[in-house]
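# Close look at the chain arrangement
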Amino acid sequence: MIYFDNSATTKVTPEVLKVYEKVSQRFFGNPSSLHYLGTQAHELLESARAQVAQILHVKPTEIYFTSSGTEGDNWLIKGTAMEKMRFGKHIITTQIEHPAVAHSMDQLEHLGFEITRLSVDKTGQISIDELKQAIRPDTILATFIAVNNEMGAIQPLAKISEVLAEYPTIHLMIDAVQAIGKIDLPLGNDQRIDMAVFSGHKFHAPRGVGIVYLKEGKQVAPLLSGGGQEKGQRSSTENLPGIVATSRALRLLTKDEMKKRQHLAQLTQKLREGLKNLPYVQFFSTDKGAPHITCLGIQGIRGEVLVHALEAEEIYVSTTSACSSRAGRDSSTLLAMGIVHEEAETAIRISFSEYNTMEEVAQFLQAFKAIYRQLTRIYEK
Amino acid sequence: MINMTASIYLDYAATTPMDISVIEKMTDTMRNHYGNASSIHQYGRNSKKLLEHARKTVAEYINALPEEIIFTSGGTESDNTAILMGAHARSDRGRHIITTAVEHEAVLKPLKRLEAEGFEVTYLPVGITGELDFEHFKEAVRQDTILVSIMSVNNEVGTIFPIEKIGAFLSERDILFHTDAVQAFGPLKIDVKKAKIDLLSASAHKIYGPKGVGFLYKRKNIAIPSFMLGGNQERKQRAGTENLPAIVGFEQAVCHMKANRAQFNQHAVNLREQLIYELNHQAINFQINGNLSQQVPHIINLYFPNKLAEQLLIQLDLKQIAVSAGSACTAGSIKPSHVLQSMYGDQSDRLMHSIRVSMGAFTTEKDIKDFVKVLKEIV
Ligand SMILES: Cc1ncc(COP(=O)(O)O)c(C=O)c1O
Ligand SMILES: Cc1ncc(COP(=O)(O)O)c(C=O)c1O
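Residues numbered from 1 in each chain as written. Chains lettered and ligands numbered in written order. Predicted model: local features only at pLDDT ≥ 70, side-chain atom pairs only at ≥ 80, totals over all residues. Heavy atoms only, no water.

### Quick word on the overall build of chain A
Tallying secondary structure elements over chain A gives 13 helices and 12 strands in all. In terms of principal-axis extent, the alpha carbons of chain A reach across some 75 × 50 × 35 Å. Going through the 381 residues of chain A one by one, you find that 65% of them count as buried. A separation of at least 24 residues holds for 73% of the contacts in chain A among residues at least 6 apart in sequence. Charged side chains in chain A number 41 positive and 43 negative. The centres of these two groups are separated by 3 Å. (Helix = DSSP H or I, 4+ residues; strand = E, 2+ residues; numbered from the N terminus. Buried < 20%, exposed > 50% of the residue type's maximum accessible area, 1.4 Å probe, protein only. Contact = heavy atoms within 4.5 Å. Lys, Arg positive; Asp, Glu negative; His and termini not counted. Charge placed at Lys NZ, Arg CZ, Asp CG, Glu CD.)

### Some points on the layout of surface pockets
Taken as a whole, the largest pocket spans an internal volume of roughly 640 Å³. At the level of secondary structure, the elements contributing two or more residues to the lining of the largest pocket comprise helix 3 (69–84) and helix 4 (99–110) of chain A together with helix 3 (75–90) and helix 4 (105–116) of chain B. A class-by-class count of the residues in the lining of the largest pocket yields 14 nonpolar, 5 polar and 5 charged. (1 Å grid on protein atoms, 1.4 Å probe; cavity = no way out; pocket = protein on both sides within 12 Å on 5 of 7 lines; lining within 4 Å. Points joined across faces, edges and corners; volume = space filled by probe spheres on them. Nonpolar A, V, L, I, M, F, W, Y, C, P; charged D, E, K, R; others polar.)

### As for the sheet that holds strand 10 (residues 299–303) of chain B
Residue and element names in this part refer to chain B. With antiparallel pairing, the 3 strands of this open sheet are ordered in space as 9-10-12. The open sheet is flanked by strand 9 (287–288) and strand 12 (354–358), the only strands paired with a single partner. Bridge count for strand 10 against strand 12 is 5 bridges, and the pairing is antiparallel. Paired with Asn 301 across the two strands is Arg 356, which belongs to strand 12. (Pairing = 2+ DSSP bridges.)

### Details of the interface of chain B and chain A
Across the contact, 70 residues belong to chain B and 64 residues belong to chain A. The contact between chain B and chain A buries some 5,400 Å² in all, and 59% of this surface belongs to carbon and sulfur atoms. Taken as a group, Tyr 34, Lys 211 and Leu 229 of chain B account for 13% of the area that chain B buries against chain A, more than any other trio of residues on that side. For the interface between chain B and chain A, the tally reads 2 salt bridges. Of the charged contacts, one joins Glu 311 of chain A and Arg 45 of chain B as a salt bridge, the two residues approaching to 2.8 Å between their closest N and O atoms. (Buried area = accessible area lost by both parts, 1.4 Å probe. Salt bridge = Lys/Arg side-chain N within 4 Å of Asp/Glu carboxyl O.)

### A word on the environment of Ala 283 of chain B
Checked against the element boundaries, Ala 283 of chain B lands in the loop between helix 8 (244–281) and strand 9. Note on Ala 283 of chain B: relative accessible area 61%, which makes it exposed.

### Notes on the domain arrangement of chain B
Residues and elements named next belong to chain B. Structurally, chain B comprises domain 1 (8–18 + 261–378) and domain 2 (20–255). Each of domain 1 and domain 2 has a C-alpha centre, and these two points are 27 Å apart. Contacts between the two partners involve 34 residues from domain 1 and, on the opposite side, 38 residues from domain 2. Per-residue buried area on domain 1 facing domain 2 is highest for Met 18, Arg 261 and His 338; these three make up 24% of the total on that side. If you look at where domain 1 meets domain 2, you find 0 salt bridges. Counting every contact that joins domain 1 to domain 2 gives 18 residue pairs in polar contact (both at pLDDT 80 or more). Residue assignment for the side of domain 1 that touches domain 2 shows that the elements contributing at least two residues are helix 8, strand 10 and helix 10 (338–344). No other element matches the 6 residues that helix 10 contributes to the side of domain 1 that touches domain 2. For the side of domain 1 that touches domain 2, the per-class residue count stands at 15 nonpolar, 17 polar and 2 charged. (Domains from an automatic or database assignment. Polar contact = N/O pair within 3.5 Å; in protein donor to acceptor, adjacent residues only side chain to side chain.)

### Let's talk about the pattern of salt bridges
Residues and elements named next belong to chain A. Here the structure, examined in full by the defined rule, presents 44 salt bridges over all chains. The partner of Glu 354 in a salt bridge is Lys 260, with the nearest N and O atoms 3.2 Å apart. Taken together, the residues Glu 354 in the loop between strand 12 (347–351) and helix 12 (358–375) and Lys 260 in helix 8 (residues 257–275) connect sequence positions 94 residues apart. In terms of burial, Glu 354 and Lys 260 fall into one category: buried. Linked through salt bridges whose partners overlap, the residues forming this network are Arg 192, Asp 194, Lys 215 and Lys 218.

### Focus on the confidence of the model for chain A
Mean pLDDT over chain A: 95, with 97% of residues reaching 70 or higher. Within the model, pLDDT remains below 50 along residues 322–330 of chain A, and this stretch shows 24 contacts once partners closer than five positions in the same chain are excluded. (pLDDT = per-residue confidence, 0-100.)

### Observations concerning the site of ligand 1
Of all residues adjacent to ligand 1, which total 15 residues, the nearest are Thr 70, Asp 175, Ser 199 and Lys 202 of chain A together with Thr 241 of chain B. Proximal residues around ligand 1 fall on chains A and B, making this an inter-chain site. Ser 199 of chain A is positioned such that a nitrogen or oxygen atom in its side chain is 2.6 Å from an oxygen atom of ligand 1. A distance of 2.3 Å separates an oxygen atom of ligand 1 from a polar atom in the side chain of Thr 241 of chain B. Compared with its free state, where it exposes 390 Å², ligand 1 has 97% of that area covered by protein. Broken down by element, the residue count for the shell around ligand 1 peaks at 3 residues, all from helix 3 of chain A. Broken down by class, the residue content of the shell around ligand 1 amounts to 2 nonpolar, 10 polar and 3 charged. (Near = heavy atom within 4 Å. Areas by Shrake-Rupley, 256 points an atom, 1.4 Å probe, with all protein chains shown as cover.)

### Side note on the confidence of the model for chain B
In the predicted model, chain B carries a mean pLDDT of 94, and the fraction of residues at 70 or more is 96%. Here the predicted complex carries an ipTM of 0.93, next to a pTM of 0.95.

### A closer look at the packing of helix 8 of chain A against helix 12 of chain A
Residues and elements named next belong to chain A. At a closest axis distance of 10 Å, the pairing of helix 8 and helix 12 adopts a crossing angle of 25°. On the basis of their axis angle, the class for helix 8 and helix 12 is roughly parallel. Handedness of the helix 8/helix 12 crossing: right-handed. Along the contact surface, helix 8 presents Gln 266, Leu 267, Lys 270, Leu 271, Gly 274 and Leu 275, while helix 12 presents Met 358, Val 361, Ala 362, Phe 364, Leu 365, Phe 368 and Lys 369. (Axes fitted to C-alpha atoms, helices over the stretch in contact; angles between N-to-C directions. Parallel < 35°, antiparallel > 145°, perpendicular 65-115°, else oblique. Left-handed = near helix turned anticlockwise from the far one by under 90°.)

### Points about the site of ligand 2
The environment of ligand 2 is formed by 16 residues, the closest being Ser 236 and Thr 237 of chain A together with Thr 76, Asp 180 and Ser 203 of chain B. Around ligand 2, the nearby residues trace back to chains A and B. Considered on its own, ligand 2 offers 390 Å² of accessible surface; in the complex 99% of this is hidden by protein. When residues of the shell around ligand 2 are assigned to their parent elements, the largest contribution, 3 residues, is made by helix 3 of chain B. Residues belonging to the shell around ligand 2 are distributed by class as follows: 3 nonpolar, 10 polar and 3 charged.

Here is the structure:
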């Protein structure tokens, strides 16, 4: 069994799972309760927060726990809109955002906000000139998918930060769900980025925990309101076992991070090398993207067909993204890159985790080539 | 399993420890079924099967259809979704909403937001027993009322509200009916069809399930916009990668409740009787807030005229006895309970002299005995 669908979700590592089990048995108190069980739970929560903050080079008071990446995206986008609408109603984003961002934008558009969706080139990157031209006096938010979930394009965060440096009142946000551990993220007090969204289940933590970085002093209205947890910014009883397990998973992810990134890059390189001589294989990812994601297709073969053929060999990959396995508006990244519909339909996404091996890639290549020969036989006549 | 040897936990209404069978199910799911339930490959399909199985179990427990269950991140998200989206869905028909003065903050806060947007909210007070006057409720309903949100069971006093009567009344009027059943789901038998409920919120961590998962029941044929936007999960009604392990854990908690409900309730009734007996027996000066005959047996709210709740909590805490004043979720500070305020008025001495005791599956007769002994020393 080979699991190459790590951008959809990952397997919880045994060590992290053990943390989850332990915390749920030993620290079941409600962190908001004032008694000792609550206090213990609260202290554990704060130490998890401190650890996450340290790893991300930000302050503990700037870290908030949510239930998912989707919630983080919804919160920061709608929360910024609500908080800052008296200053303006213009927002800048890209055409290749995750649906959690894209659909939040659509909703705001219905409510009378104006959205500029920057185009991307063949590599999936925005143009800095287009960004500069898009900025207006009433722009309140600019948000970018740091690493695209369908084909791995990395946005030029340093250049974006440079441009936005001249406009300090615009909230600058990144969706870093696919980026964490894979690329350098310029976060911290001396950096321009104000807000970032992460999701634990993409890095071997249990599902159900997201992380939000919100720079001190930046105002955002809450999405979930109620008991006043997370300093009133995110109400609901804290998922302590999930949060502590996530902080452990983040620590594991960022241990020997450079080595791991190199490992991922090697896996990807081996994959590309192995397939590059197959004439009907088309790469939609460049070799400059994130080290763990490769998007490709076999001409004329629908992605679904390829996914199921690989599955028969116990190899698990996906069509472009798990939460939108259908074509249309949702799998818009490739279309936005100028790839025609017929080609975009052939795409599959192969996504690695640090636990995948060269041996698995070798096995994959062998299986892929056999499938390739079979599926492309018609072309050889 | 849980290290409670030296301590006495009487705060089950704040949260419950997970049942060991729940933890086992969850860890098994994380180990063996880690596919994304929306992926099209076999791993995804297996996860999807587990997800739909859980949905069916949960639905059956309240006599709903599986497609009427939307899994969420907890009671708060369910409440927020029901209130905000329910009101917006009906805002073309009117802007009046009815609720009670004793709801949880997860209902009250979104209502405050709606008020700021121009909706009008009627907060029905409760009587001295904590109960809602049904006639009073009926009088509050107007032509332009679009939404009623009334909790099934109050989290501080345990009062049971007449959900079925309210549902029957509203069903003839095309008014959305939401109930926050976070404290009722599990111990009480809920039949959403019989009670004619349109929207119902529940949370797993109050019934020995995991924290961070809940559901919103939404009656078929009722359309409200989705709150969490993104992927197409939960029939496009709630985006976000499905939290399968927690959902499977929630299912297990429901099975566990279903199998043991009668026994748990009897256990709670016995413990409550014992508690009252011991308090009287030790000649402690106390009174019960509310009316026990209209309350769930595992929650009891006690008034100690001679002792400030804050001091009581601190002294109990030193003895490793966990109770609470008001609700845990009013995070971190003791302020006068809005529930007791509605029952007894702003000036009542009870506001600062009452604590909530809530019992559960792991509470023993000895716990109650020891608790009262300590009370005797400090009151
Ligand atoms: C880039 C990106 N943003 C947001 C999300 C949503 O995260 P979650 O699944 O935790 O809701 C995902 C993953 O599905 C993603 O890849
Ligand atoms: C009545 C009631 N509603 C809502 C909630 C919120 O649920 P959760 O903590 O799962 O968000 C609680 C408890 O915290 C509650 O007691």
